[in-house]
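Structural characterization, general
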Amino acid sequence: MTIIKPPPVAVAPPRASLAVAMLGFFVVALDAQIVNVALPEIRNDLGGGLSGLQWIVTGYTLMFSALQLFAGSFSDRVGARRAYGIGMIVFSVASVACGFSPSLPALIAGRVLQGIGAAMITPTSLALIREAYHDPARRGRAIVYWGLGGSVAAAAGPVLGGVLTQIDWRLIFFVNLPVGVAALVLLSRVAPSPRRPRPFDWFGQTTAVLALASLTYGIIEGAELGYGSPAILSTFAVCVISVAVFVVAQARGRHPMLPLDLFRSRTVSTALIIAGVTMAAFYGVVFLQSLYFQQQRGVTALGTGLLFLPMSGLVALLVPLAARLVNRFGRIAVIVAGQLVMALGLAGLCLLPTDSPTLLVALLMVPVGVGGSFTVPPIIALIMDHVPAERAGTASGVINTARQVGGALGVAVFGAVLAGQNFMDGLRTGLGATAVLLLVLVVASLPLRHAKQAGY
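As a starting point, this report considers the structure included with it. (Residues numbered from 1 in each chain as written. Predicted model: local features only at pLDDT ≥ 70, side-chain atom pairs only at ≥ 80, totals over all residues. Heavy atoms only, no water.)

1. Notes on the overall build of the chain
Going by this rule: By definition, any uninterrupted DSSP run of H or I lasting at least four residues is a helix, any uninterrupted run of E lasting at least two residues is a strand, and each is numbered from the N terminus. With the radius of gyration taken over C-alpha atoms, the globule rule is written as 2.2 Å times the number of residues to the power 0.38. To sort residues, take the accessible area from a 1.4 Å probe on protein chains only and compare it with the maximum for the residue type: under 20% means buried, over 50% means exposed, and anything in between is partly exposed. When checking whether two residues touch, look at their non-hydrogen atoms; a contact exists if any pair is within 4.5 Å. Residue exposure ignores everything except the shown protein chains as possible cover, and the areas themselves are Shrake-Rupley values with a 1.4 Å probe. Charge assignment: positive for Lys and Arg, negative for Asp and Glu; neither His nor the chain ends contribute. For the purpose of locating charges, the reference atoms are NZ of Lys, CZ of Arg, CG of Asp and CD of Glu.
Counting its secondary structure elements, the chain contains 18 helices and zero strands. Radius of gyration (C-alpha) of the chain: 21 Å, near the 23 Å computed for a compact globule of 456 residues. C-alpha extents for the chain along the principal axes are approximately 85 × 50 × 45 Å. Among the 456 residues that make up the chain, the fraction classed as buried is 59%. Look at the contacts in the chain between residues 6 or more apart in sequence, and 84% of them connect residues 24 or more apart. A total of about 18,100 Å² of accessible surface is found on the chain, and carbon and sulfur atoms cover 69% of it. In the chain, 29 side chains carry a positive charge and 15 a negative one; their mean positions are 14 Å apart.

As structure tokens, this is what we get:
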């Protein structure tokens, strides 16, 4: 009797998944960085004040952060591979819409749509890595290289943005298209992801978006309307009510999108806070220093991009070193060191005299970027190692929500502080306060070195 064996199932090589994940994080991070140096030119062309510039940045990061949890659940439901493809298509279409925007509101709307696509790309890229690499050590190294994609974007973004802005600022959005096409072509080589049907928590998602949007709106517009005005107080009230309803819905709902049991672990809770504050500091510095170089020092867009190169370029070179440092000294030690280095850079920028050479300002930005690059990858690996594969999409959504909420609120808060004072006083206040907050988190991080890896 002849036994006919079924043909073997083709398994995509892990490198294909890693390449797709890196391209996804690259284009998402590139779009966050490339826009900043073009802000003055966009204002010259489309009009708008400081709040308009903030919305160009936060319109993207707001939806990016607000939809991370939804995207994680969506990834688990339809499969990470399919969710990634949908997100990349949405992101690419939105980039075209931004490039052809006839007005500032249209551009902000396009940025919001880009944020939706980016929200679907980021957690699914991490989920693809989680599915492809089953060994924790190899997965940790893969996550570091995933972070390298974002670091390369951070290095290329300001310079590329400066070059393209010299020609036409609209080109900064069209540059996303070839990257998107390449990612979709490579995605065809990745094996289909398993699907795990889960009901969507529409109520929770709606209240989450409402809470973040109202908070961001209140911070940005409150600088102009006054934080005691009825409109702004009402906005903050909406935020508080939305947060309360969201928490109750997640605690009592049958299918919550945010697993609240994650926050029972002090290690996970502290790590998420550190990730948020780190991104707030990084995004805030990029936003403020882009305006500082061009508006206060008269540097061109290209010159501004080049001044960001010492920070972003060194970050891209040192990211692989993070994995070796983690292996030698442990994750907590590297996280603490990263926060200290970042706080040192912020303090230096805060205390620098107004007439300091621009090159010196650029060099003092280096510790901010390097500290962030040493902090984020070990935090992500710390959390992902304690998450089973079937919850990889949701867990990566939680991680990236914390990071992007920090980035969105960082730009909003830094801009609000800037609007309430003269430029240099506002810049120093924002940078100094963030440095102090990072030092507080260093103290909170130290006990984590004694935490056991069991549980979370």
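2. Section: the layout of surface pockets
What counts here: Detection works on a 1 Å grid of protein atoms alone, calling trapped sets that fit a 1.4 Å probe cavities and calling open sets with protein on both sides within 12 Å along at least five of seven lines pockets, with lining residues defined by an atom within 4 Å of a point. Grid points are joined across faces, edges and corners, and a volume is the space filled by probe spheres set on the points. Following the grouping adopted for this structure description, the nonpolar residues are Ala, Val, Leu, Ile, Met, Phe, Trp, Tyr, Cys and Pro, the charged ones are Asp, Glu, Lys and Arg, and the polar ones are all others, Gly among them.
There is about 710 Å³ of room inside the largest pocket. Forming the walls of the largest pocket are 27 residues, and the residues nearest its centre are Leu-212, Phe-246, Leu-258, Thr-401 and Val-405. Broken down by element, the lining of the largest pocket gets its largest block of residues, six residues, from helix α17 (residues 392–419). Classifying every residue of the lining of the largest pocket by side-chain character gives 21 nonpolar, six polar and no charged.

3. Structural notes on the packing of aromatic side chains
Going by this rule: Each pair of aromatic rings taken from Phe, Tyr and Trp, with Trp reduced to its six-membered ring, is defined by centres within 6.5 Å and is described as stacked if the planes are under 30 degrees apart, edge-to-face if over 60, and tilted in the remaining cases.
With the rule as written, the count across this model stands at nine aromatic pairs. Here the aromatic rings of Phe-282 and Tyr-283 are separated by 6.5 Å at their centres, their planes lie at 75 degrees, and the arrangement is edge-to-face. The buried category is assigned to Phe-282, whose relative accessible area is 14%. Using a relative accessible area of 7% as the deciding quantity, one classes Tyr-283 as buried.

4. Focus on the pattern of salt bridges
Here is the rule we go by: By definition, a salt bridge exists where a carboxyl oxygen of Asp or Glu is found within 4 Å of a side-chain nitrogen of Lys or Arg.
For the structure shown, the criterion picks out two salt bridges. Measuring nitrogen to oxygen at the nearest pair gives 2.6 Å for the salt bridge that ties Asp-31 to Arg-111. Here the residue Asp-31 occupies a position in helix α1 (residues 14–34), and Arg-111 occupies one in helix α6 (residues 104–132), the gap between them amounting to 80 residues. The same class applies to Asp-31 as to Arg-111, namely buried. The shortest N-O distance in the salt bridge between Asp-45 and Arg-170 comes to 3.8 Å. Of the two residues, Asp-45 is situated in helix α2 (residues 39–46) and Arg-170 in the loop between α7 (136–167) and α8 (171–174); the sequence distance between them amounts to 125 residues. Relative accessible area serves as the criterion here: at 44%, Asp-45 is assigned to the partly exposed category. Under the relative-accessibility criterion, Arg-170 is labelled buried at 19%.

5. Things to note about the packing of helix α10 (residues 202–225) against helix α11 (residues 230–252)
Test applied: With axes taken as lines fitted to C-alpha atoms, and helix axes fitted only over the stretch in contact, angles between N-to-C directions fall between 0 and 180 degrees. Working rule for angles: under 35 degrees goes down as roughly parallel, over 145 as roughly antiparallel, 65 to 115 as roughly perpendicular, anything else as oblique. Crossing handedness is defined as follows: a turn of the near helix away from the far one that is anticlockwise and smaller than a right angle gives a left-handed crossing, while the clockwise case is right-handed.
Contact geometry for α10 and α11: axes closest at 8 Å, N-to-C directions at 155 degrees. As judged from the angle between their axes, α10 and α11 are roughly antiparallel. Between α10 and α11 lies a crossing of left-handed hand. Each residue belonging to the contact of α10 with α11 can be placed in one class, and the counts come to 16 nonpolar, eight polar and one charged.

6. Some points on empty space enclosed by the protein
Applying the stated criterion across every chain, the model contains three cavities of 30 Å³ or more. By volume, the largest cavity amounts to about 410 Å³. Forming the walls of the largest cavity are 28 residues, and the residues nearest its centre are Phe-25, Gly-150, Ser-151, Met-279 and Arg-403. The set of elements that each furnish at least two residues to the lining of the largest cavity consists of α1, α7, α12 (266–296), α13 (301–329), α16 (366–384) and α17. Classifying every residue of the lining of the largest cavity gives 17 nonpolar, ten polar and one charged. Here the second largest cavity defines a volume of roughly 80 Å³. Forming the walls of the second largest cavity are Gln-289, Tyr-292, Leu-349, Leu-352, Pro-353, Thr-354, Val-361, Met-424, Leu-427, Arg-428 and Leu-431. For the lining of the second largest cavity, the elements supplying multiple residues, two or more each, are α12 and α18 (423–445). No other element matches α18, which puts four residues into the lining of the second largest cavity.

7. Some remarks on a nonpolar patch on the surface
The cut-off we apply is this: Only residues whose relative accessible area exceeds 30% and that form no salt bridge enter a patch; like-charged residues are grouped when within 9 Å of one another, and nonpolar side chains (Val, Leu, Ile, Met, Phe, Trp, Tyr) when within 5 Å.
Together, Val-243, Val-247, Leu-260 and Phe-263 line one region of the surface with nonpolar side chains, adding up to about 280 Å² of accessible area. Relative to the helices and strands, Leu-260 resides in the loop between α11 and α12. Judged by relative accessible area, Leu-260 falls into the partly exposed class, the value being 30%.

8. Some words on the side chain of Thr-58
Considering the arrangement of structural elements, one finds Thr-58 in helix α3 (residues 50–66). Dropping the residues within four chain positions of it, Thr-58 is found in contact with Thr-216, Ile-220, Ala-408, Val-411 and Ala-412.

9. A look at the nonpolar core
What counts is decided by this rule: Only buried Ala, Val, Leu, Ile, Met, Phe, Trp, Tyr and Cys residues count toward a nonpolar core, and they belong to the same one when joined by side-chain atoms within 4.5 Å.
Formed by 124 residues in total, the largest nonpolar core has its most connected members in Ile-56, Leu-346 and Leu-431. It is α12 that provides the largest number of residues to this core, a total of 17 residues. Among the nonpolar cores identified, the runner-up in size contains six residues, and Phe-70, Ala-71, Phe-74 and Met-120 belong to it.

10. Observations concerning the environment of Ala-183
Within the secondary structure, Ala-183 sits in helix α9 (residues 176–187). The spatial distance from the C-alpha of Ala-183 to the C-alpha of Arg-130 is 18 Å, given a sequence separation of 53 residues. Excluding residues within four positions of it along the chain, Ala-183 makes contact with Val-20, Leu-23, Tyr-84 and Met-88.

11. Considerations on helix α4 (residues 68–78)
A large share of α4 lies buried, amounting to ten of its eleven residues. Of the residues one or two after α4, Gly-79 is the one with positive phi, at around 100 degrees.

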